[in-house]
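Observations on chain architecture
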2 protein chains.
Amino acid sequence: MQTELSKTLGVEHAVFGFTPFPAVAAAISRAGGFGVLGAVRYTAPDELKRDLDWIEAHVDGTPYGLDVVMPAKKVEGVTEADVEAMIPESHRQFVKDTLTRYGVPELAEGEASGWRITGWMEQVARTQLDVAFDYPIKLLANALGSPPADVIDRAHEQDVLVAALAGSARHARKHADAGIDIVVAQGYEAGGHTGEIASMVLTPEVVDAVDPLPVLAAGGIGSGRQVAAALALGAQGVWLGSLWLTTTEAELPSPRLIEKLLAAGSGDTVRSRALTGKPARQLRTEWTDAWDDPDGPGALPMPLQGLLVAEAVSRIQTYEVEPLLGTPVGQIVGRMNSQRSVQAVFDDLTRGFEKAVDRVNRIAGRSAEQ
Amino acid sequence: MQTELSKTLGVEHAVFGFTPFPAVAAAISRAGGFGVLGAVRYTAPDELKRDLDWIEAHVDGTPYGLDVVMPAKKVEGVTEADVEAMIPESHRQFVKDTLTRYGVPELAEGEASGWRITGWMEQVARTQLDVAFDYPIKLLANALGSPPADVIDRAHEQDVLVAALAGSARHARKHADAGIDIVVAQGYEAGGHTGEIASMVLTPEVVDAVDPLPVLAAGGIGSGRQVAAALALGAQGVWLGSLWLTTTEAELPSPRLIEKLLAAGSGDTVRSRALTGKPARQLRTEWTDAWDDPDGPGALPMPLQGLLVAEAVSRIQTYEVEPLLGTPVGQIVGRMNSQRSVQAVFDDLTRGFEKAVDRVNRIAGRSAEQ
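Residues numbered from 1 in each chain as written. Chains lettered and ligands numbered in written order. Predicted model: local features only at pLDDT ≥ 70, side-chain atom pairs only at ≥ 80, totals over all residues. Heavy atoms only, no water.

A count of helices and strands for chain A gives 14 helices and 11 strands. The C-alpha atoms of chain A give a radius of gyration of 20 Å, which matches the 21 Å a tight globule of 370 residues would have. By its C-alpha atoms, chain A is 65 × 45 × 40 Å across when sized along the principal axes. Here chain A, with 370 residues, has 59% of them falling under the buried criterion. Chain A carries 33 positive and 49 negative side-chain charges, and their two centres are separated by 5 Å. (Helix = DSSP H or I, 4+ residues; strand = E, 2+ residues; numbered from the N terminus. Rg over C-alpha atoms; globule rule 2.2 N^0.38 Å. Buried < 20%, exposed > 50% of the residue type's maximum accessible area, 1.4 Å probe, protein only. Lys, Arg positive; Asp, Glu negative; His and termini not counted. Charge placed at Lys NZ, Arg CZ, Asp CG, Glu CD.)

Next up on the list: the sheet that holds strand β11 (residues 280–283) of chain A. One open sheet accounts for 3 strands, arranged β7-β11-β10 (chain A); its pairing is antiparallel. Bordering the open sheet on either side are β7 (192–193) and β10 (269–272) of chain A, each of which pairs with just one other strand. (Pairing = 2+ DSSP bridges.)

Turning next to the packing of helix α14 (residues 342–363) of chain A against helix α10 (residues 224–232) of chain B. Taken N-terminus to C-terminus, the directions of α14 of chain A and α10 of chain B make an angle of 120°; their axes are 9 Å apart at the nearest point. With respect to their mutual orientation, α14 of chain A and α10 of chain B come out oblique. α14 of chain A and α10 of chain B meet at a crossing whose hand is right-handed. Packed against α14 of chain A, whose contacting residues are A356, R359, V360 and I363 of chain A, the element α10 of chain B presents A228, L231 and A232 of chain B at the interface. Its residues assigned to classes, the contact of α14 of chain A with α10 of chain B shows 6 nonpolar, no polar and 1 charged. (Axes fitted to C-alpha atoms, helices over the stretch in contact; angles between N-to-C directions. Parallel < 35°, antiparallel > 145°, perpendicular 65-115°, else oblique. Left-handed = near helix turned anticlockwise from the far one by under 90°. Contact = heavy atoms within 4.5 Å. Nonpolar A, V, L, I, M, F, W, Y, C, P; charged D, E, K, R; others polar.)

Many authors give the size of an interface as the accessible area that is lost as the parts come together. Residues and elements named next belong to chain A. According to the domain assignment, chain A consists of domain 1 (1–71 + 120–244 + 344–364) and domain 2 (79–114 + 253–326). Summarising the inter-unit geometry, the C-alpha centres of domain 1 and domain 2 are found 27 Å apart. Of the residues lining the interface, 12 residues belong to domain 1; the matching set on domain 2 comes to 12 residues. With both chains or domains summed, domain 1 and domain 2 bury close to 960 Å², and 59% of this area falls on carbon and sulfur atoms. Joining domain 1 to domain 2, the criterion identifies 1 salt bridge. R271 serves as the salt-bridge partner of E196, at 3.7 Å between the closest nitrogen and oxygen. Here domain 1 is connected to domain 2 by 7 residue pairs in polar contact (both at pLDDT 80 or more). (Domains from an automatic or database assignment. Buried area = accessible area lost by both parts, 1.4 Å probe. Salt bridge = Lys/Arg side-chain N within 4 Å of Asp/Glu carboxyl O. Polar contact = N/O pair within 3.5 Å; in protein donor to acceptor, adjacent residues only side chain to side chain.)

Once that is clear, we can look at the packing of helix α6 (residues 122–132) of chain B against helix α7 (residues 149–157) of chain B. The description of two packed helices rests on the angle between their axes and on the distance between the axes. Residue and element names in this part refer to chain B. Their axes nearest at 12 Å, the elements α6 and α7 cross at an angle of 10°. With respect to α7, the element α6 is oriented roughly parallel. Residues R126, L129 and D130 of α6 form the contact with α7, whose own contacting residues are D150, V151 and R154. Here the residues of the contact of α6 with α7 are counted per class, giving 2 nonpolar, no polar and 4 charged.

A few words now on helix α11 (residues 255–263) of chain A. Residue and element names in this part refer to chain A. Along α11, the residues classified as buried are L257, I258, K260 and L261. Down the axis of α11, the buried side of the element spans an arc of 160°, and every buried residue falls inside it. Structural note: α11 exposes E259 and A263 on the side pointing more than 90 degrees away from its buried face. Those residues of α11 that are buried lie in contact with β11 and α13 (304–318). (Arc of directions from axis to C-beta.)

Put simply, the two copies of the chain differ by a rotation about an axis and a shift along that axis. Mapping chain B onto chain A calls for a screw motion: a turn of 180° about the axis and a shift of 0.0 Å along it, with 0.0 Å RMSD after fitting. Expressed as an axis order, the relation between the two copies is that of a two-fold axis. When each C-alpha of chain B is compared by its distance to the rotation axis, A229 of chain B comes out closest, at 1.9 Å. Taken as a fraction of all interface residues of chain B, those also at the interface in chain A reach 100%, which identifies the copy contact as same-surface. (Least-squares fit on C-alpha atoms with pLDDT ≥ 70 in both.)

Here we come to unusual backbone geometry. Residue P303 of chain A is bonded to the preceding M302 of chain A through a cis peptide linkage, with omega at 5°. Assignment of secondary structure puts P303 of chain A in the loop between α12 (286–292) and α13. One non-glycine residue with positive phi stands out, namely E320 of chain B, at about 45°. Within the secondary structure, E320 of chain B sits in the loop between α13 (304–318) and α14 (342–363).

Moving on: the interface of chain B and chain A. Across the boundary between the two partners, chain B contributes 49 residues, which contact 49 residues of chain A. Regarding the contact of chain B and chain A, the summed buried area is about 4,100 Å², with carbon and sulfur atoms giving 54% of it. Taken together, chain B and chain A are joined by 8 salt bridges. Between D208 of chain B and R225 of chain A there is a salt bridge, with its nearest N and O atoms 2.8 Å apart. Connecting chain B to chain A are 27 residue pairs in polar contact (both at pLDDT 80 or more). Among the secondary structure elements, those contributing two or more residues to the side of chain B that touches chain A are α9 (199–210), α10 and α14 of chain B. Per-element tally for the side of chain B that touches chain A: the top contributor is α14 of chain B, with 10 residues. Of the residues assigned to the side of chain B that touches chain A, the class counts are 23 nonpolar, 15 polar and 11 charged.

Written out as structure tokens, the structure reads:
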């Protein structure tokens, strides 16, 4: 499965795997894809350094990349404390009341928060980059708009390609104007932050909007049929995130969460502002329902909501409080029904891709075999 | 573009075109696809008879079908007047106030309502069927659940295949259990009534859920790339509705509406209950905004909402009141940017399909030419 982009990056298959877990990223690269480590959860540079060292030691020389969350708009001189001060007391009370209603225990003293969303601060992302540029990363992706111009320049000086996520053709053109190299077209069905346009419509729109820049299709892809579909739509590769959550290499903090993912159907996700303040697809839970309830206070805008709920989400995850327990994941969760190794998932993708190509050739009246 | 289903139906291309316009349906069948006439707007059997006669005279012997809106649940002994009586006065007042605010004139005495939604009543649909079964239709599609068992039996006695739309795998399995022959998997991005699951995820789920029944992919398809994608996902054909609205053969009642469709982007639709009471994708307008406004009265359930707004929608269409003027249409509206003949649209679809197959073959390392 070779496109110009996969050849440029020196990978066997045009399959890009986004994951917060170093073991998954390394396994994706070893399997012939391109592993991308999500850096958002690393607040301490040492932890990121430790995990990049681990990846270096486990990718057998195959290429990999890093995904940061760097806001497009720079807010000068604003500290986390300033942002905290903008959160209304009534919203804090709503969090407390909801946690109390479900009997969610407090975290023990010094207990680490497993899933804290803090990497959105530009200074955090810049610290991550200072670490990452010491490693031979081949791709730097940004989930929130184009990275600042100096970051793009620095990446290009080090022969690192820059990718940015887009949910509309207009958004993608802005990235292209900013000088990025790859657009990830993130469809409505994707996990995490998404727009309203579904992949079937979005992918070719973005491909045409930024031509000749390469586009990766994200959202709804979990089988070789879907890989073939995305490539037929004009993408130069696929960008998969959700699918790896239930691999054996993933280190989800909660066995109950894994069970929930394995049991969930494609209709069990919701595009909710509960997690970060921007619409992000995730498992629908009584927690997202509480924030989406028109009679509730509603989610605050980014970045307030993320700060407001960070500790609560940690408590829910730590104590595995079933009705509230969720995670960002796309509609493809409906097909994530068993725990398998990254290699097994990858083999399925490539085998399924070949079968889908055979099928389309038969329909087109071309022989499937050559 | 040949699948088992297209061979069974004797058409050259596995492209099914749904349209309320006889001239479009006939042109789709003549172009080598399968035209399906939407019957929902025919309240008078004579009008349907007249239009089916016209189609018979213009399809050059090629096959075509009919789409009805027959509710799955039968409501015995309920008249339109009974349903009218269930509409709250406050909702009627909201319609009046909104029309007044935008200066929408009253219809002249005896003026026909161009777009009235009344075919949802089972007795209307049955009258349509009594007419249609006198014609050599090859397919009967139902937009609202499986048709009643006696209708399926009658269709099968006359060698008419029965199709039903589904927005989830569960829904599709119910259709299969009811004995229908084809499932139309209608993705989130589609025009008209849709569920929440996007085509990329929905199509393969439905294909696997009803295997070996054939599945048509609907939602987001307007180019050969998208046709190739849908077939890669496992569909035995594609079901296109929106794309024909801006063909030269279409008889949309309003030039301004055509302009709006040509100008709209993929982000200019909304899945709203404004039209029928069930979520249906349509152009976003100040009319849909009024019904979707959390501070407004909100849409009534089906079938009340359709009856409530029928006259209002006619007035808006007749007088082309710009800010309120809309129509059901999918996200593919963003690519409907010129008025072309059905044949020209069809040629684009088939050429684009061949190019997409070439592309996927190149990526798969197979030669594009044979």
